[in-house]
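The chain contents come next:
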Amino acid sequence: MNIHEYQAKEILKSFGVRVQEGILAETPEQAVEAAQTLKQDFNSDWVVVKAQIHAGGRGKGGGVKLAKNHDEVLQRATDIIGMQLVTPQTGPEGKKVNKVLVAQDVYYPGESEIKEFYVSVLLDRATGRNIIMYSTEGGMDIEEVAEKTPHLIFKEEIDPKAGLQGFQARKIAFNLGLSGAAQKEMVKFIAALYKAYDAIDASLFEINPVLKTSDDKILAVDAKVNFDENALYRHTDYAALRDLAEEDPTEVEAGESNLNYVKLDGNVGCMVNGAGLAMATMDIIKLAGGEPANFLDVGGTANAETVKAGFNIILKDPNVKAILINIFGGIVRCDRVAQGVIDAYQEIGNIPVPIIVRLQGTNAEEAKKLIDESGLQVYSAILLKEAAELVTKVLKG
């Protein structure tokens, strides 16, 4: 589960991580009020107006703007709120901006040089251990840094039994080239950041940039926090931070029906039980000359209700020219799934695209007989090869 920058910063603050302060605004007028409050708190007219969407690269798309006075705040907020912000992570359709974060100016001049760093905390799946990944090249795309200057990316592996050790935090500060007060601040920052990551069952923290200010403070200018959804039952307060407006409405609807759904760009809708079988089914569709329109896992206990919900979700995609249902009957009997397909078909009414049903496992022959004798526009198969041949047939018309 993703959350917004302003929500992520509130969580980090609660664990003692210093952040760039800001105030949320949903209208240009609220943005001006926020800027006035920040002027009282930090004695500066300068603020940054930042679009709040679930995507990186906001600055490149025009979603992050500096404002030097309240008139500029009003103009920047007017421009950003309501815009369709396109970034490398949103795709060409972009995302609508409904709110902005009005944040303090932290790039003020002072005695020492301002520096930007990159810091993230995540799970290294190869070792099963958390790592802190960091670089002196903050503010840039970390993928670009990894490609062009991989020697500037450092990793610190954390032993799960011991947790983050003091010498590791000091090593990170040293590798970032810090000394004196800034080094001590970075050590505190890293310790607090890892404590927050571990405590909330996060799957990713990405702070880019982490800033060393001109007076040697270390703080998070941006914050990306992803939660492990499997652990959200332990954090109901954080689960409430989910912003459904930022998610694909079809995927939200699928989640409410306990379906795992991901929309793709193809022309053949898939309804499968089991993630591995779903991946194999998408490969079969490709080999048959089609393109998968979605990943849809109905789980191990598919019945008439889940099949019906799956149909409704797949048919929302106008690009779908055929639907392939591929169910392995282990926990659930194939004939029950077949009856569910028939019941769902009759309840929905006229389904405008051909349906191929491949059922294998317990009572597969009985299931095929039910489908064949239903009188519906449904093609049945037992072998995966048969299903692939039927996909090719219906696509060619």
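Counting restarts for each chain: residues are numbered from 1 in the order of the written sequence. Totals for whole chains, interfaces and linings use every residue, but because this is a predicted model, local features are given only for residues with pLDDT of at least 70 and side-chain atom pairs only at 80 or more, for both listing and counting. Hydrogen atoms and water are omitted, and side-chain values are computed over all heavy atoms in the structure.

The chain is annotated in an unreviewed UniProt entry as Succinate--CoA ligase [ADP-forming] subunit beta of Sphingobacterium corticibacterium. UniProt positions are given in the numbering used here, feature names are shortened, and annotations may be inferred rather than shown by experiment. Under the heading Pathway (unreviewed entry), UniProt records this for the chain: "Carbohydrate metabolism; tricarboxylic acid cycle; succinate from succinyl-CoA (ligase route): step 1/1." Annotation of the chain in UniProt includes, under Sequence similarities (unreviewed entry), the sentence "Belongs to the succinate/malate CoA ligase beta subunit family."

Caption draft 1: Structural context of the domain arrangement of the chain. For the purposes of this description, domain bounds are those given by an automatic or database domain assignment. Assigned domains of the chain: these are domain 1 (1-20 + 108-246), domain 2 (21-105) and domain 3 (249-396). One C-alpha centre belongs to domain 1, the other to domain 3, and the line joining them spans 43 Å.

Caption draft 2: Representation of the sheet that holds strand β1 (residues 22-25) within the structure. Strand order across the open sheet formed by four strands is β1-β6-β2-β3, with antiparallel pairing between neighbours. Two strands lie at the open edges of the sheet, namely β1 and β3 (64-67), each paired on one side alone. Adjacent strand axes in the sheet meet at a mean angle of 25° when their direction is disregarded. Strands are labelled as partners when DSSP assigns at least two bridges between them. Numbering goes from the N terminus for both helices and strands, where a helix is a DSSP run of H or I of at least four residues and a strand is a run of E of at least two. As paired elements, strand β2 (residues 47-51) and strand β6 (residues 100-104) share five bridges and run antiparallel to each other. Each bridged residue has a counterpart across the sheet, and for K50 the counterpart in β6 is L101. What makes two residues a contact is simply this: any of their non-hydrogen atoms within 4.5 Å. Whenever a helix is involved, its axis is fitted only over the stretch in contact; in every case the axis is a line through C-alpha atoms, and angles between N-to-C directions fall within 0 to 180 degrees. Lying over the sheet, helix α1 (residues 5-14) contacts β1, β2 and β6, oriented at roughly 50° with respect to β6.

Caption draft 3: Layout of the UniProt feature "binding site: ATP" (unreviewed entry) in the chain. Residues annotated in UniProt with the feature "binding site: ATP" (unreviewed entry) correspond here to K50, G57, R58, G59, V106 and E116. Relative accessible area serves as the criterion here: at 1%, V106 is assigned to the buried category. Once residues within four sequence positions are removed from consideration, V106 is found in contact with Q20, L211, T213, L219 and V221. Within the secondary structure layout, E116 lies in strand β7 (residues 115-124). Whether a residue is buried, partly exposed or exposed follows from its accessible area with a 1.4 Å probe, protein chains only, as a fraction of its type maximum: under 20%, in between, or over 50%, in that order. The exposure class of E116 is partly exposed, given its relative accessible area of 28%. Contacts of E116, omitting those with residues within four sequence positions, involve Y107, T136, E137, G138, G139, P209, V210 and L211. By the criterion applied in these results, polar contacts are pairs of N or O atoms within 3.5 Å in which, for protein atoms, one can donate a hydrogen and the other can accept it, and in which residues neighboring in sequence qualify only through two side-chain atoms. Of the polar contacts made by the side chain of E116, one reaches the side chain of Y107; its length is 2.5 Å.

Caption draft 4: Representation of the UniProt feature "binding site: Mg(2+)" (unreviewed entry) in the chain within the structure. The residues that UniProt annotates with the feature "binding site: Mg(2+)" (unreviewed entry) are N208 and D222. Setting aside its immediate chain neighbours within four residues, N208 contacts F117, Y118, G138, G139, M140 and D222. Only 2.6 Å separates the side chain of N208 from the backbone nitrogen of G139, close enough to count as a polar contact. For D222, the position within the fold is in the loop between β11 (218-220) and β12 (224-227). The exposure class assigned to D222 is partly exposed, which follows from its relative accessible area of 22%. Those residues in contact with D222 that sit more than four places away from it in its chain are E5, K9, K50, R58, E206, I207, N208 and P209. Here R58 takes part through its side chain, which lies 3.1 Å from a polar atom of the side chain of D222.

Caption draft 5: Quick look at the nonpolar core. In this structure, L12, I132, M186, F189, L193, F205 and F227 are the most contacted members of the largest nonpolar core, which totals 39 residues. When residues of this core are traced back to their parent elements, those giving at least two are α1, β7, β8 (129-135), α5 (166-175), α6 (180-199), β10 (202-212), β11 and β12. Here the element with the most residues in this core is α6; it accounts for nine residues. Think of a nonpolar core as a cluster: buried Ala, Val, Leu, Ile, Met, Phe, Trp, Tyr and Cys residues, connected wherever their side-chain atoms sit within 4.5 Å. By size, the runner-up hydrophobic cluster in this structure holds 33 residues, among which are C334, Y345, V357 and L359.

Caption draft 6: Inspection of the environment of A367 at higher detail. When you line up the elements, A367 lands in helix α12 (residues 364-372). Counting along the chain gives 188 residues from A367 to S179, while the straight-line C-alpha distance between them is 72 Å. Sequence-distant contacts of A367, that is, excluding residues within four places in its chain, are made with C334, D335, A338 and L359.

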